[in-house]
Amino acid sequence: MIKIDDYIPVVGQAVIDDLKRVSEKLKDKKIKNINSTPVGGGVAEILSRLVPLLNELGVLTYWDVIKGGKSFFEVTKKFHNAIHGKKEEINKKDFEIFLEVSEENISQMLVDEDIIFIHDPQPIALIKKKKDNRWIWRCHIDASNPDKKVWNFLKKFIINYDAAVFSAPAFSSPLPIRQFLISPSIDPLSDKNRELSKEEINAVLKKYGILKDKPLITQISRFDRLKDPIGVIEVYKKVKKNIDCRLLLAGGTAVDDPEGMEVYNEVLEKTKHDKDIIVLNMQHNDLEINALQRASDIILQKSIKEGFGLTVTEALWKAKPVVASNVGGISLQITHKYSGLLCYSIDGAAFAVKQILNNPKYGEKLGQNGREHVRNNFLITRHLKEYMLLFLSLYYKGDINNI
Ligand code: UDP
């Protein structure tokens, strides 16, 4: 069990003292987070660390997950893609399915806590149950250029919240409610990110039969078209023409992402004739993901669209050179040629990978700069403080003594 004081060696005593001071102000409040999957993807990843730490700080925090079948999650995946600006065929029936399943959740879920913190569009309609408590809608998606039809549908719910939270300035949009900018974070002490011994890393490589006799290029991501696994394979093929290397595509699926298996099978089909491509369906083993990231020479994140891109944060924290598309929150994390390399195409990504493989010292420097950037901006301690200040601000009526 990780304790809040365990973070002192990573971020310093003053940061932890600050967290304890702010948490005192929230001792009488109960908070409930609601999202659509207990594992898989960045939202579940963050909640699994924030919720226990808030409780340890004395802020009573719960986490509940809505229920929805295949057809509901097919619709919400279309919403997800459409908010990211992808063209999706969404018809009247889709909206009806969304509303029907939302009504079931509305009738079953208890939302009496002081603050209800709703993550992403799937549970957004629960706001119909709002009484005199405070409600926050947290958008983890790049909503800078959303499909109008879907956004206008969601907006009818959003405007009834007390506040909305976005991950990057570009993701916000005109709304008649208060908006906050809070970027996601990683937990440096979790199994996903803690330091690992050589033995721990080697045991994972051995388990999956991954040899380290050639450079290893890795993308860790859900099998999702917006993560562009097929593009990653193209990048690898271009690099391979000049430098012998291996590609690792490791990912899992999430209950709220019904496309996962289909994309996974597509990737398997495309890669079955190349022994140097390893495709793993991981089923959420944090320590193993950590080991694979640490064992890699370069981490790729060739997303077509991205919310924040926690996999980039995780790789930078491990001081890995990262080659990533300049989309969504990735540009908040990587300064081109300083803390990683940004790319815009398959050719660009392949060029960047070769540049690093040909000059490992350069890759090392990028990785070290990336790690410091994460230390200063994207660790969970900063996130905890900003969320607690957000909670407090919901009760702020203009008089500082009223907080
Ligand atoms: N992840 C994982 N296992 C997998 C694939 C991804 O644990 O097989 C984790 C990954 O390490 C990261 C999160 O899921 O913590 C993905 O977050 P990100 O913001 O990169 O993308 P999202 O899936 O939310 O679009």
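Residues numbered from 1 in each chain as written. Predicted model: local features only at pLDDT ≥ 70, side-chain atom pairs only at ≥ 80, totals over all residues. Heavy atoms only, no water.

Asker: Explain the packing of helix 8 (residues 229-240) against helix 9 (residues 260-271) here, please?
Answerer: Two packed helices can be described by the angle between their axes and the distance between those axes. Running from N to C, helix 8 and helix 9 point in directions that differ by 20°, and their axes come no closer than 10 Å. Viewed along their axes, helix 8 and helix 9 adopt a mutual orientation that is roughly parallel. Crossing of helix 8 over helix 9 shows right-handed handedness. Along its contact with helix 8, which presents P229, I230 and I233, the element helix 9 presents V263, E266, V267, K270 and T271. Across the contact of helix 8 with helix 9, the residue classes tally to five nonpolar, one polar and two charged. (Axes fitted to C-alpha atoms, helices over the stretch in contact; angles between N-to-C directions. Helix = DSSP H or I, 4+ residues; strand = E, 2+ residues; numbered from the N terminus. Parallel < 35°, antiparallel > 145°, perpendicular 65-115°, else oblique. Left-handed = near helix turned anticlockwise from the far one by under 90°. Contact = heavy atoms within 4.5 Å. Nonpolar A, V, L, I, M, F, W, Y, C, P; charged D, E, K, R; others polar.)

Asker: Looking at this structure, I do not really get the packing of aromatic side chains. What am I missing?
Answerer: Summed over all chains, the structure comprises 16 aromatic pairs. With a centroid separation of 5.7 Å and an interplanar angle of 85°, the aromatic rings of F117 and F391 are classed as edge-to-face. With F117 in strand 3 (residues 115-119) and F391 in helix 15 (residues 380-393), this pair connects stretches of sequence that are 274 residues apart. On the accessibility criterion, F391 (1% relative accessible area) is buried. For the ring pair W137 and W151, a centre distance of 6.2 Å and an interplane angle of 50° mean the geometry is tilted. (Phe/Tyr/Trp six-rings, centres within 6.5 Å; stacked < 30°, edge-to-face > 60°. Buried < 20%, exposed > 50% of the residue type's maximum accessible area, 1.4 Å probe, protein only.)

Asker: Quick question: what am I supposed to make of the pairing of strand 3 here?
Answerer: Residues in a regular strand project their side chains so that they alternate between the two faces of the sheet. Where burial is concerned, most of strand 3 is hidden: five out of the five residues are buried. Side chains I115, F117 and H119 of strand 3 all project onto a buried face; the interleaved residues I116 and I118 project onto the opposite face, where all are buried too. For strand 1 (residues 30-35) and strand 3, the ladder comprises four bridges, and the chain directions are parallel. By the bridge assignment for strand 3, I31 is matched with I115. As paired strands, strand 3 and strand 4 (residues 134-138) are joined by five bridges and run parallel to one another. Of the residues in strand 4, the one forming a bridge with I116 is W135. (Pairing = 2+ DSSP bridges.)

Asker: Can you help me understand the site of the ligand in this one?
Answerer: Residues in close proximity to the ligand total 17 residues, the closest being G42, R222, K227, G252 and E314. One nitrogen or oxygen atom from the side chain of K192 is found 3.0 Å from an oxygen atom belonging to the ligand. Within the contact set of the ligand, an oxygen atom lies 2.7 Å away from a side-chain nitrogen or oxygen of R222. If the ligand stood free it would expose 540 Å²; the protein chains cover 92% of that surface. (Near = heavy atom within 4 Å. Polar contact = N/O pair within 3.5 Å; in protein donor to acceptor, adjacent residues only side chain to side chain. Areas by Shrake-Rupley, 256 points an atom, 1.4 Å probe, with all protein chains shown as cover.)

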